[in-house]
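This is what each chain is made of:
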Amino acid sequence: MSEERSEEHAVPPPGPAPDSTPGTDGRVVLEAEGVSKHFPVRRGARALLGGERRAVHAVDDVSLRLCRGSVTALVGESGSGKSTVARLLAQLYPATAGEIRLDGRPVRAGRGRAFRAYCRHVQLIFQDPFASLNPVHTVRYHLTRALRIHGRAGSGAAELEKALAALLERVQLTPASRYLDAFPHELSGGQRQRVAIARAMAADPRVLLADEPVSMLDVSIRLGVLNLLRDLKERLDLAILYITHDIASARYFADETLVMYAGRMVEGGDSETVTQRPAHPYTRLLLASAPDPDRVTGDGGDGGEGADPSASEPPSLISPPAGCRFHPRCPLAMERCRERTPPRFELDGGQWAACWLYDTSEDASAAGDAPAAGTGRGAAS
Ligand SMILES: Nc1ncnc2c1ncn2[C@@H]1O[C@H](COP(=O)(O)OP(=O)(O)O)[C@@H](O)[C@H]1O
Ligand SMILES: [Mg+2]
């Protein structure tokens, strides 16, 4: 009984959803509001006796919206909490705080039938297609299983065969007969990732969460896989979360870009603006240390233009810095950056930054620690 009830609540009932998000034309499919995830750290006997509770603050107060027909990039260096956000959105584990909504209705991690029902709408693709495909099974096995789980295998062998061919065609692996009976090791990295994408598409989802989908692939084939995802987005009106540590690819591929640092979202806006006119000092640092394909350096040397700005380390997430988590690395840090967590400040054109540089309120001037002229790019400038 309780199992049944939890299933009812875990997946939103069908029917039109209330549109609580003005300005997005009801195109928001999946959204997170104020979501946090803390992983408890196993404690030693002394800590236990002292009553100390320690946790990895992997994700704190993250809000985002994924819209149909749109790619949202989530960018940040390794360990910043990107995969945790994807797993939370995929309902692989419950959030410590906050709410995740599908079609405007709250969802929470369920199991069994409830989880499968959620997966029909929201699919996750991983970084390493070798690890996500079982080496002892063929492409046919993987795709048939996915179609059956989601009730899309049709009735009879002919319909199944048609569905399999359609899936492979969708990811541009044609003719299907050449790939259906292949084992993962017989395929290239790019082909394996295409099979993983086809398996996700077997559910006919509306949301695709792609966790670093091309970072394990050869540089030469990354573009092909990103173009495939873009094609799927356009033809199927998918909402895609594209997770990457490569901010340059976000500019190329994503409509909107969100930047994460040490478990918190620090900047967001349309990709062109965020990558061309970054507002947050961390985004600027990310861009400064990103390889720029337009910059020719001959033999691939570093060009000798000073020290690598990313050389300093991100902070511990067990006891993250107070105030803005970036302040220990920030060249523009002010007094209150060490004490108070900056809220989102809205800039022009939908861009925002969680950075005290953009506080134009009365208290900011009263605090007397406004940035030196020329360092910030305030909303008024
Ligand atoms: N299951 C877990 N248990 C404990 N800590 C975790 C777990 N998953 C992730 N973390 C920690 O959370 C932080 C964020 O990890 P992750 O989301 O994988 O970052 P990213 O994908 O940006 O590299 C890291 O410090 C990581 O060690
Ligand atoms: Mg990751």
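Residues numbered from 1 in each chain as written. Chains lettered and ligands numbered in written order. Predicted model: local features only at pLDDT ≥ 70, side-chain atom pairs only at ≥ 80, totals over all residues.

Caption draft 1: Just the site of ligand 1, in detail. Inspection of the region around ligand 1 gives F39, V56, A58, G76, S78, G79, S80, G81, K82, S83, T84 and L317 as its neighbouring residues. Those elements giving two or more residues to the shell around ligand 1 turn out to be β2 (55-67) and α3 (82-89). Of all the elements, α3 adds the most residues to the shell around ligand 1, at three residues. (Near = placed C-beta within 6 Å. Helix = DSSP H or I, 4+ residues; strand = E, 2+ residues; numbered from the N terminus.)

Caption draft 2: Quick look at helix α13 (residues 281-289). Within α13, the full set of buried residues consists of P281, Y282, T283, L285 and L286. Residues of α13 that are buried in the fold lie against β3 (70-75), α11 (247-253), β9 (256-261), β10 (264-270) and α12 (271-276). (Buried ≥ 20, exposed ≤ 12 C-beta atoms within 10 Å, placed from the backbone. Contact = placed C-beta atoms within 7 Å.)

Caption draft 3: Local environment of the nonpolar core. Grouped together as the largest cluster of nonpolar side chains are 91 residues, with contacts concentrated most on L89, L209, L241 and V266. Structurally, this core is a two-domain feature, drawing no fewer than three residues from each of domain 1 (2-10 + 66-96 + 108-266) and domain 2 (268-292 + 311-367). Setting aside anything within four residues of it in sequence, one finds L241 in contact with L66, T72, L74, A86, L89, L209 and A210. (Core = buried A, V, L, I, M, F, W, Y, C linked by C-beta atoms within 7 Å. Domains from an automatic or database assignment.)

Caption draft 4: Just the packing of helix α6 (residues 139-149) against helix α9 (residues 189-201), in detail. One can describe the packing of α6 onto α9 by two numbers: an axis separation of 8 Å at closest approach and a directional angle of 20°. In terms of their interaxial angle, α6 and α9 are classed as roughly parallel. Relative to α9, α6 is oriented so that their crossing is right-handed. Two secondary-structure elements touch here, α6 through V139, H142, L143 and A146 and α9 through V195, A198 and R199. (Axes fitted to C-alpha atoms, helices over the stretch in contact; angles between N-to-C directions. Parallel < 35°, antiparallel > 145°, perpendicular 65-115°, else oblique. Left-handed = near helix turned anticlockwise from the far one by under 90°.)

Caption draft 5: Here's a closer look at unusual backbone geometry. Looking along the chain, the bond that leaves T174 and enters P175 is cis, with omega of -5°. Along the chain, the position of P175 falls in the loop between α7 (157-170) and α8 (177-180). Its identity as a non-glycine residue notwithstanding, D103 has a phi of 55°, on the positive side. By the secondary structure assignment, D103 is in the loop between β4 (97-102) and β5 (105-107). Judged by C-beta crowding, with 21 C-beta atoms within 10 Å, D103 ranks as buried.

Caption draft 6: Spatial organisation of the pairing of strand β1 (residues 28-40). In terms of strand pairing, β1 meets β2 through nine bridges, oriented antiparallel. Across the sheet, the residue bridging to F39 is V56, located in β2. Two elements, β1 and β4, share five bridges in a ladder whose sense is antiparallel. Each bridged residue has a counterpart across the sheet, and for S36 the counterpart in β4 is A97. (Pairing = 2+ DSSP bridges.)

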